[in-house]
Amino acid sequence: MPKKMARSRPLFDRQILGRALTDALRKLNPLSLFRNPVIFVVEIGAVLTTLLLARDLAISAPGAGFALQINLWLWFTVLFANSAEALAEARGKAQADSLRKTRTDSIAKRLAGGRVERVPSSQLRAGDLVLVEAGDLIPGDGEVVDGIATVDESVITGESAPVIRESGGDRSAVTGGTKVLSDWIRVRIVSNPGETFLDRMIALVEGARRQKTPNEIALNILIAGLTAIFLLAVATLAPFAEYSIAAAGAGSVPSTTVLVALLVCLIPTTIGGLLSAIGIAGMDRVMQHNVLAMSGKAVEAAGDVNSLLLDKTGTITMGDRQAVEFLPVAGVSERDLADAAQLSSLADETPEGRSVVVLAKQKYNLRGREVGEHNAVFIPFSAYSRMSGVDLDGRRLRKGASDAIGAFVRERGGRIPQEFAEISERISRGGGTPLAVADGGKVLGFIHLKDIVKGGMPQRIGHLRKMGIRTVMITGDNPLTAAAIAIEAGVDDFLAQATPRDKLDYIRREQAEGRLVAMTGDGTNDAPALAQADVGLAMNTGTMAAKEAGNMVDLDSNPTKLIEVVAIGKQLLITRGALTTFSIANDVAKYFAIIPAMFMTAYPVLGKLNVMGLATPQSAVLSAVIFNALIIVALVPLALRGVRYRPSAAAPLLRRNLLVYGLGGLVVPFPGIWAIDRLLVLMGLV
Amino acid sequence: MTETGFLQIAVYFLAILLVTRPLGAFLAYVFAGRRTFLHPLLRPVERLIYRLSGIREDAEQRWTGYAGALLAFSLFSFLVLYLLQRLQGWFPFNPQAFGAGNVTPDLAFNTAVSFMTNTDWQAYSGEATLSYFVQMAGLTVQNFASAAAGMAVAIALIRGFACERAGAIGNFWVDLTRATVYVLLPISLVAALFLCSQGVIQNWLPYAQVQTLEGGTQIIPQGPVASQEAIKELGTNGGGFFNANSAHPYENPTPLTNFVEMLLIFMIPAGLTYTFGKMVGDTRQGWAIFAAMSILFLPGAFTAYISEQSGNPILAASGVQQSPSNLHPGGNMEGKEVRFGIAASALFATITTGASCGAVNSMHDSYTPIGGLVPIFNMLTNEVIFGGAGAGLYGMLLFAILAVFIAGLMVGRTPEYIGKKIEGKEVKMAMLALIATAASVLLFTGASGVLDLAEGSYINPPGPATGNLNNQGPHGLSEILYAYASGTGNNGSAFAGLNANTPWYNLTIGLAMLIGRFFIIVPLLAAAGSLAGKRRLPASSGTLPTHGPLFVTLLAGTVVIVGALAFFPALSLGPIVEHFLMHEMRVF
């Protein structure tokens, strides 16, 4: 297992926390806070109450201690909300810093008219040709046009094992800042300075180019609208109070400070303060999986995906086929067949060959023998004979394609048993590859080679189905084989003998029916499909064209990641919905705290609404404000980490989340506000 | 609570449940232009209307065209109605010789807006103000037209959900015509005949002068009542021919007519929920809306009933019988008709305020504080508890959009409802409607609570806006709040106790009615246009299910929390504090 660079860091580390706090202060600037309407309103309220406090202090009005505490907690509310966002950003910035360190300006060897000239890499332009030799940093993003080299890409991927980069084919893309370890390559630069992959990656993780996603914008409208409604409700409380005081002949109009306090408690500060942090943290979580999302929109779209196009090889199945069964013809024992198969494979270093040896050992405890002493002569596989095997002690053991073995046996005067074709056919139909085994003129039987579906894959596909996501297997196999594996893996559909064109058409068809499609790809000919898909996850090992076309790049080049990305997208949306619901549900309790407190003097009988039994009107208002501020802090970890997400269908998911965040949001503030009230009384603050 | 009381509410609800499906299916057919059993008779009428008015039946409108047509139609209706009132002296059928002097400009404005917006708030007293001609050609016509317009908007919004990537949402003129010809006219006709059979009058006679048993004389107003009474309920209008509305024996003579009138009020709003389900191709969606409306309606009905039946502790303390017996209804009978009793009155109050109808058969002002809180609360939810003809459904769909948007994210997908993505545009329009209506209720109520004018001023002769109140204290605040909630919710019922026929109240309540009507309709038509242009996504197990009990609860919760949270302070200073004070033996 290669060592990974530490991508995930603890939620709060000292350095990040320090940076976040400074940023939180900087974000107090109304010009930047303006974009967050809810918290902006809180800030205006805080400024207003500060001015009123200053006036009260100047004329030494009574009750300044209470006003001071309200005022402080209003400022805390703004700061807490700001630091949530700052914290999320700081985590990204820390990552950007470590990336930026690698972006040292290197000297490039530019090829011009057969000469090598040394220029700073910052002067390279798209189209330039450069030579990179062992020990050099690759000066910019490009395509290998000539040569082959091992490259250390750990800067980008965190993967310490070097990778091969060569001209032509799907492994020709190189990334600026990575290092050639051996040999040399000639590279055509494809991006101008400032636009390289590394630059974009830094910009992304820093949040510099972060744009609000459509759903975030809509949610912002909702909470801004609620803020406006509560502004109306609180502003009109003053005339209602005036009427009521006149009617009751007692009491006093609530002070502006108290009205501001009520307003801040009612407007959805929780979600308002955490909304952008949730989005940034979602991107960050994707990043921790070593996937680079080109926009928040892509992550959001991942949560919405209806159909997942998965490549068979490497995603659903292991890369190689493996022997799973020995099927002897009549008159041959399975053990003899296994023995012959193992002998014929001892020198076969292909994964298939090794799997035959292992299977024979597992099933019949046949040890790999030292065959040197038996005058063994190994016959390697050739495209001409389509067989391999061994000659030893006069035996001529061969394994290979059925027709090749058939011909071999007949040549030696052997007879082909009637079940020979039958077994071969049966294996093929089951999605396997039949490998016939013969000993000279005698047919022994078959090795059943099979694509092995990755462990846990059917369960994961089952989970996806529960989440309402169709999985589609893409394979180059014939339909027969494809169908068998599709059934075994449990996918909903498959595309056999798929060409890039077929993929593109399939995606378009799905989209025409209103579905959102996600896929992975690496080759240049995948690019159109990657661009067409709503979520296109390109492999980092893939070509530059593929990386450009997709909206995410998996730095580990592990196609199975697509499933995780979908889960992160869903988790992001759930977190948003959960905190919005929680935030709105909270209001009920706050009304019960503040309304009786406000009008206790005019209508003492309203004390019956003081269900929490809060000590005094002042303590009630203060407790609600403090609860409102602290709940933001309390929910920061949830916003950054995302709510717990287990794949399941929408109905049970909604039921559970409504119970936790809806009902929880209704109930939790009651004991919370009550406890704060008790503490305030104990500490003598009211 | 008595057994008969409980049964009355239960039987009524059962009747609504039974009528929902057949009527809803019929409506779906009508608005899709498909053949119904009435077509042989009425299709020629429909075609004649198109030919005479130059309407092209197959020409569809984008949302802007649809909204433009509706606004133009409403403006025209307003102008006609205003002029009819001011010029009533010129027209026939005016045995009492009412003239412009009976209808001041501000009152005519208020009444014209009121009937054009399907509110039917009545700052005037029908029998003392308006000629038979104005009642028939003005008010009754608007009773049909405003209800048909409301239904048209609901159908347009349904089309927004139902259609696939379409630019258009139907033709306003066609929807208006079909609603009137196939639905409102036939049902009203049958209902009016039934009402006549029960004793509701229909004549053009001068007011009768009769000798009472005590030897005094009494003037008994007459008029074409039955024809207006049926559509008053069916179109959730609520504007009574007489000031006493459905408490008047000529409008609502028997318990049977009372039951039928209640049925007429909820019939179309309930039926439209099924129409919704049918038109979007999944009747469960319609039943879910029906269920959400029901779980908001039934607790209200029982709360009002129980509160009225348990009566007033102050009266109980002074020895008045408050418990029911075979010969005595018990409870709070003040302002209620003996022929209806407590259950049928409380039920009527809950229905009429849930449905933005505004017809009343008892005086809500005389209800106990909690009994009176139910009607106010119903109106403050933007009239979605079955709601107005059309208005109830589109109001509830507005909340469905919000409910889906707020909680729908919790299934891990960007929100969608009936296969349509709910995005910024829809949320913006829904919030615009909510903000406008909240602003209307709160700002006007707040202003009226403190507005101080000189006595004898033109704008409000009694002086301060609170000078128009018959009751002080928290009850006075309830009266003002009720008036603006009623206007904004396009309900039209009055708490009474507030003399609203002054320029201040006529103008502000008129504005409230306009805001409550058009700041919901226009944004929702815009949302319909945006929804219509979207692709309809297939449902999967990952999609938020919007037809189960979970969603129903969620939707009802959204109505209560989002719709009413803004009014909690006002309510606690009105009916809630009054309730507590009543138990401390204080009245207002």
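The subject of this paragraph is helix α11 (residues 296–304) of chain A. In terms of burial, α11(A) is largely enclosed, as eight of its nine residues are buried. Those residues of α11(A) that sit buried are Gly296(A), Ala298(A), Val299(A), Glu300(A), Ala301(A), Ala302(A), Gly303(A) and Asp304(A).

For the rest of this paragraph, the subject is the packing of helix α14 (residues 391–408) of chain B against helix α15 (residues 424–450) of chain B. Residues and elements named next belong to chain B. Running from N to C, α14 and α15 cross one another at 125 degrees; their axes reach a closest spacing of 10 Å. By the angle class used here, α14 and α15 are oblique. The way α14 lies across α15 gives a crossing that is left-handed. The residues of α15 that touch α14, namely those facing Leu-398, Phe-399, Ile-401, Leu-402 and Phe-405, are Glu-426, Val-427, Ala-430, Met-431, Ala-433 and Leu-434.

Turning our eyes to something else, we now look at the interface of chain A and chain B. Of the residues lining the interface, 65 residues belong to chain A; the matching set on chain B comes to 59 residues. Between chain A and chain B lies a buried interface of about 5200 Å² when both sides are counted; carbon and sulfur atoms form 77% of it. With its nearest N and O atoms 3.4 Å apart, the salt bridge here joins Lys421(B) to Asp304(A). One can count 15 residue pairs in polar contact (both at pLDDT 80 or more) joining chain A with chain B. The set of elements that each furnish at least two residues to the side of chain A that touches chain B consists of α7 (214–235), α8 (237–248), α11, α16 (457–466), α18 (500–512), α21 (561–585), α22 (587–599) and α24 (650–667) of chain A. Considering every element that reaches the side of chain A that touches chain B, the biggest residue donor is α7(A), with 12 residues. Across the side of chain A that touches chain B, the residue classes tally to 40 nonpolar, 13 polar and 12 charged.

As a further point, take the packing of helix α1 (residues 3–32) of chain B against helix α7 (residues 172–198) of chain B. Packed helices, taken two at a time, are described by the angle their axes make and the gap between the axes. Residue and element names in this part refer to chain B. Two elements in contact, α1 and α7, have axes whose closest approach is 9 Å; the angle formed by their N-to-C orientations is 145 degrees. The crossing of α1 and α7 is right-handed. Contact with α1, carried on its side by Leu-23, Phe-26, Leu-27, Val-30, Phe-31 and Ala-32, involves Asp-175, Arg-178, Ala-179, Tyr-182, Val-183 and Ile-187 of α7 and no other residues of that element. Looking at the contact of α1 with α7 residue by residue, the classes come out as 10 nonpolar, no polar and two charged.

Under the counting rule described, the total for this entry stands at 48 salt bridges over all chains. Note that Lys503(A) is salt-bridged to Asp311(A), the shortest N-O span being 3.6 Å. Taken together, the positions of Lys503(A) in helix α18 and Asp311(A) in strand β9 (residues 307–311) put the pair 192 residues apart, joining distant regions of the chain. Looking at Lys503(A), the relative accessible area reads 7%, which means it is buried. Residue Glu426(B) pairs with Lys534(B) through a salt bridge whose shortest N-O separation is 3.0 Å. Pair noted here: Glu426(B) is in helix α15 and Lys534(B) is in the loop between α17 (503–532) and α18 (549–564), with a separation of 108 residues, a long-range link. With respect to burial, Glu426(B) and Lys534(B) carry one shared label: buried. Salt bridges here are not isolated pairs; linked through shared partners, they connect Arg470(A), Asp493(A), Glu510(A), Glu513(A) and Arg515(A).

Rules behind the numbers
Residues numbered from 1 in each chain as written. Chains lettered and ligands numbered in written order. Predicted model: local features only at pLDDT ≥ 70, side-chain atom pairs only at ≥ 80, totals over all residues. Heavy atoms only, no water. Buried < 20%, exposed > 50% of the residue type's maximum accessible area, 1.4 Å probe, protein only. Helix = DSSP H or I, 4+ residues; strand = E, 2+ residues; numbered from the N terminus. Axes fitted to C-alpha atoms, helices over the stretch in contact; angles between N-to-C directions. Parallel < 35°, antiparallel > 145°, perpendicular 65-115°, else oblique. Left-handed = near helix turned anticlockwise from the far one by under 90°. Contact = heavy atoms within 4.5 Å. Buried area = accessible area lost by both parts, 1.4 Å probe. Salt bridge = Lys/Arg side-chain N within 4 Å of Asp/Glu carboxyl O. Polar contact = N/O pair within 3.5 Å; in protein donor to acceptor, adjacent residues only side chain to side chain. Nonpolar A, V, L, I, M, F, W, Y, C, P; charged D, E, K, R; others polar.

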